[in-house]
Each structure stands twice: as C-alpha cells, then as structure tokens.
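Survey of secondary and tertiary structure
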Amino acid sequence: MQKFLNWLEKVLTPLAKVIGENKYLIAIRDGFLISTPLLIVGSFFLLLANFPIPNWSNMISPILGNNWEALMSVPASASFDVMTILAVVGIAYSLGRQLEIDAIQSAALALVSFFILTP
C-alpha cells in the first residue's frame, strides 16, 4: 500500500503543480472567491425560506407574516443573479492581472460581452 501511495504522490504532485500554476484556473478561482459573500447571503435566505423542519412555515408565519416565503426568495434570487455578474467581472479582472494587461478594461469588456451574449 505504501508503494502505491508513493507512486501516486510521484505522479500526481507534478500534475497538481502544473494545474495549480495555470493562469486561467487561478483567474477562475479568484473570480469565484470574490462572489463568495453573495453566495453565503443568498444561501442563508434560501435556507430560511426552505428550512427542513416539518411545520416550519406554520411556526414562522405568525412572526414574519403570511407571505414570508416569497419575501425570503427575493433576496436569494437577487444575490444569485448579482453573483453571476460579479463572478464575470472578478474572473476577467483576475485574468487581466495575470496576463499583465489593464485589469479594469478586461473586467469592463467581459461585463459588456456578458450582457450582449445573455438573452
């Protein structure tokens, strides 16, 4: 078993190093890290609206009102929609920095391209 683990480490370590130093993958990683706070906020509201406890809706309705589930889905949807735009800008900005070109212009061009291509 130890021989197999040593062989696996010998084979996978250089591959992991090459993948870890790839400029495009680093840009994708950094872009999604920028949008992570919105993901957390949206997930919190989504969890509140769909909490996995029986009769959760009946317990919360007297506190938050009858239409509380629809109200909780609005911030969740909004944060996920904005997260997409922020991820596009973040990935383009990070890639611009990686390639040593103007990062702001890269982000602006990516944002305009996203809006053109998104129906």
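Shown above is the structure to which this text applies.
Summary of the structure given here.

Here is what the cut-offs are and how they apply
- Throughout, residues of each chain are indexed from 1 in the direction in which the sequence is written.
- Restriction of local features to residues with pLDDT of at least 70 applies here, the model being predicted, together with a cutoff of 80 or more for giving and counting side-chain atom pairs; totals for whole chains, interfaces and linings are based on all residues.
- As a rule here, side-chain values cover all heavy atoms of the structure and leave hydrogens and water aside.
- Put simply, DSSP H or I for four residues or longer makes a helix, DSSP E for two residues or longer makes a strand, and each gets a number counted from the N terminus.
- In this treatment the radius of gyration is a C-alpha quantity, and the globule benchmark scales as 2.2 Å times the residue count to the 0.38 power.
- Note on classification: 1.4 Å probe, protein chains only; a residue is buried when its accessible area is under 20% of the maximum for its type, exposed when over 50%, partly exposed between these limits.
- Any two residues whose heavy atoms approach within 4.5 Å at even a single point are treated as in contact.
- Axis lines are fitted to C-alpha atoms, over the contacting stretch for helices. Their N-to-C directions set the angle, which ranges from 0 to 180 degrees.
- The cut-offs work like this: below 35 degrees is roughly parallel, past 145 is roughly antiparallel, 65 to 115 is roughly perpendicular, and the gaps in between are oblique.
- For this classification, Asp, Glu, Lys and Arg are treated as charged, while Ala, Val, Leu, Ile, Met, Phe, Trp, Tyr, Cys and Pro are nonpolar and the rest, including Gly, are polar.
- A helix is expected to reach a length of 1.5 Å times the quantity of its residues less one.
- The bend reported for a residue corresponds to the angle between axes fitted to the seven residues ending at that residue and the seven starting there.
- We define a salt bridge as a side-chain nitrogen of Lys or Arg found within 4 Å of a carboxyl oxygen belonging to Asp or Glu.
- Side-chain rings of Phe, Tyr and Trp (the six-membered ring for Trp) are treated as a pair once their centres are within 6.5 Å; stacked means planes under 30 degrees apart, edge-to-face means over 60, and tilted covers the remaining angles.

Some points on the overall build of the chain
- Tallying secondary structure elements over the chain gives six helices and zero strands in all.
- Counted from the first residue to the last, the chain has its helices and strands arranged as α-α-α-α-α-α.
- Expected size for 119 residues packed as a compact globule is a radius of gyration near 14 Å; at 21 Å, the chain overshoots this value by more than 25%.
- Across its three principal axes, the chain shows a C-alpha extent of roughly 60 × 50 × 20 Å.
- By residue count, 20% of the 119 residues in the chain fall in the buried class.
- Here the contacts in the chain between residues at least 6 apart in sequence split such that 61% fall between residues at least 24 apart.

What to know about the packing of helix 4 (residues 56-64) against helix 5 (residues 68-98)
- The N-to-C vectors of helix 4 and helix 5 enclose an angle of 85 degrees; their axes lie 10 Å apart at closest approach. In terms of orientation, helix 4 and helix 5 fall into the roughly perpendicular class. Note on element contacts: helix 5 touches helix 4 through Trp68, Glu69 and Met72, opposite Trp56, Ser57, Ile60, Ser61 and Leu64.
- Class assignment of the residues belonging to the contact of helix 4 with helix 5 gives a composition of five nonpolar, two polar and one charged.

A word on helix 1 (residues 2-20)
- With 19 residues, helix 1 should cover 27 Å at 1.5 Å per step; its first-to-last C-alpha distance of 25 Å lies within 8% of that length.
- At Leu12, helix 1 is bent by approximately 30 degrees, the largest bend along its length, and proline Pro14 sits one to four residues beyond.

Observations concerning the pattern of salt bridges
- One pass over the structure, following the stated rule, counts two salt bridges.
- Salt-bridge contacts for Lys17 lead to Glu21; the nearest nitrogen and oxygen are separated by 3.9 Å. We note that Lys17, like Glu21, is exposed.
- A salt bridge links Asp30 to Arg29, with the shortest nitrogen-to-oxygen separation between them at 3.2 Å.
- Its relative accessible area of 18% is what places Asp30 among the buried residues.
- Of the residues examined, Arg29 reaches a relative accessible area of 47% and is grouped as partly exposed.

Some details on the packing of aromatic side chains
- Taken as a whole and assessed by the stated rule, the structure comprises three aromatic pairs.
- Centroid distance Phe44 to Phe45: 5.9 Å. Interplanar angle 75 degrees. Geometry classified as edge-to-face.
- Residue Phe45 is classed as partly exposed on the basis of its relative accessible area, which comes to 24%.
- Where Phe114 meets Phe115, the ring centres are 5.8 Å apart and the plane angle is 55 degrees; that geometry is what we call tilted.
- Looking at Phe114, the relative accessible area reads 22%, which means it is partly exposed.

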